[in-house]
Amino acid sequence: MQRSGGKKRLNELNMDEQELISHVKEGDEAAFAKLMGLYKNKIVNYLYQFTGDYQKAVELSQETFLRVYFKADKYKPIAPLSSWIYTIASNLAKTEVKKRRKMATVSLDDLPNSYNAGTYSKDPPDPGLIRNLREALDALHPRYRIPVVLKDMEGFSQEEIARIIKRPIGTVKARISRGREYLKKMLEKAAHGDTYASKNEVREHGRA
């Protein structure tokens, strides 16, 4: 069928993600902008779970999409595009967590007062609950935090998480279960005014 008017503009096409990334591989900036628009808020929200700092989450999301653009040719369509993008973001999150562990811990009082996570209830958030959850997540080792956030906050299936973190599904199930268990215990302690377990205890106990 003959095209009329030459090549159609990108925003006139109902392109799926595989078509978009194919155009990105060819250096199509319009396709990249559209792809970024699909994922930017999700990735910022995901990274915020690790940083507690909105500006840092934005910076890491920008780095994520720079890698998506310049390494697009490395993507193979054997897995969903979302899994590949979240893998890049997860690796950056782990690097950021390691950096923070080497630095002095930032006071929670310095973190933003508002919690901009669309995955939570639309009701006005309970500042105490958010603070406790932020502390609990911060105390959780990335090996548990990443699968828990991906599953319970981002809505990925266990199979998708296995692809993102490159671990067997049995390991993913175990880490989600243990991560949830740790979070529940820490939140219960906080509710009774107890202090959290030491970070080393939470981070290193029961490796999977």
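Now for a quick tour of the structure. Being a predicted model, the structure only gives us computed values, none of them experimental. For every chain, the first residue of the written sequence is number 1, and numbering continues from 1 along that sequence. In keeping with the model being predicted, local features are shown solely for residues with a pLDDT of at least 70 and side-chain atom pairs are shown and tallied solely at 80 or more, while totals for entire chains, interfaces and linings include all residues. Hydrogens and water are ignored here; the side-chain numbers use all heavy atoms of the structure.

With respect to the overall build of the protein
Next up, step 1: For the protein, the helix and strand inventory stands at 9 helices and 0 strands.
Next up, step 2: Counting all 208 residues of the protein, 40% fall into the buried class.
Next up, step 3: Exposure was quantified through the Shrake-Rupley algorithm and a 1.4 Å probe, taking into account, for residues, occlusion by the shown protein chains and nothing else. Entry remark: accessible area of the protein is about 12,500 Å², with carbon and sulfur atoms responsible for 50%. The helix and strand labels rest on DSSP assignments: H or I over at least four residues marks a helix, E over at least two residues marks a strand, and numbering proceeds from the N terminus. A simple rule labels every residue: compare its accessible area, found with a 1.4 Å probe on the protein chains alone, to the largest value its type can have, and call it buried under 20%, exposed over 50%, or partly exposed in between.

What to know about a positive patch on the surface
Next up, step 1: A cluster of basic side chains, namely Lys94, Lys98, Arg101, Lys166 and Arg167, defines a positive patch on the protein surface.
Next up, step 2: Within the element layout of this structure, lysine 94 appears in helix α4 (residues 81-102). Any residue with relative accessible area above 30% and no salt bridge may belong to a patch, with like charges joined within 9 Å and the nonpolar Val, Leu, Ile, Met, Phe, Trp and Tyr side chains within 5 Å. For this document, the term salt bridge refers to a Lys or Arg side-chain nitrogen within 4 Å of an Asp or Glu carboxyl oxygen. The charge count treats Lys and Arg as positive and Asp and Glu as negative. His and the chain ends do not count. Charged side chains are reduced to one point each, which is NZ for Lys, CZ for Arg, CG for Asp and CD for Glu.

Quick look at the pattern of salt bridges
Next up, step 1: Going through the model one piece at a time under the given rule, you end up with 4 salt bridges.
Next up, step 2: A salt bridge links glutamate 63 to arginine 67, with the nearest nitrogen and oxygen atoms 2.9 Å apart. Here the residue glutamate 63 and the residue arginine 67 both occupy positions in helix α3 (residues 54-70), the gap between them amounting to 4 residues, near one helical turn.
Next up, step 3: Among the residues examined, glutamate 63 registers a relative accessible area of 29% and is labelled partly exposed.
Next up, step 4: According to the relative accessible area criterion, arginine 67 is partly exposed, its value standing at 31%.
Next up, step 5: For arginine 180, the salt bridge is made with aspartate 152, and the minimal N-O distance between the two is 2.6 Å. Taken as a pair, arginine 180 in helix α8 (residues 169-191) and aspartate 152 in helix α6 (residues 142-153) lie far apart in primary sequence, 28 residues in all.

Comments concerning the side chain of serine 82
Next up, step 1: Within the secondary structure, serine 82 sits in helix α4.
Next up, step 2: By relative accessible area, which is 13% here, serine 82 ends up buried.
Next up, step 3: The contacts of serine 82, once residues within four sequence positions are left out, are Glu17, Tyr39 and Phe156. We call two residues in contact when some of their heavy atoms are within 4.5 Å.

Remarks on the packing of aromatic side chains
Next up, step 1: Two rings from Phe, Tyr or Trp (for Trp, the six-membered ring) form a pair when their centres are within 6.5 Å of each other. A pair whose planes differ by under 30 degrees is stacked, one over 60 is edge-to-face, and the rest are tilted. Within the structure shown, the criterion is met by 7 aromatic pairs.
Next up, step 2: A ring pair is formed by tyrosine 75 and tryptophan 84, whose centres lie 5.4 Å apart and whose planes are at 45°; its orientation type is tilted.
Next up, step 3: Taking the relative accessible area as the measure of exposure, tyrosine 75 reaches 2% and is therefore buried.
Next up, step 4: One aromatic cluster is present, formed by Tyr46, Phe50, Tyr86 and Phe156 through successive ring pairs.
Next up, step 5: Only Lys NZ and Arg CZ are tested; either one counts as a charge over a ring when it is within 6 Å of the ring centre and within 35 degrees of the ring normal. One residue, lysine 42, lies across the ring of tyrosine 39, its end atom 5.5 Å from the ring centre.

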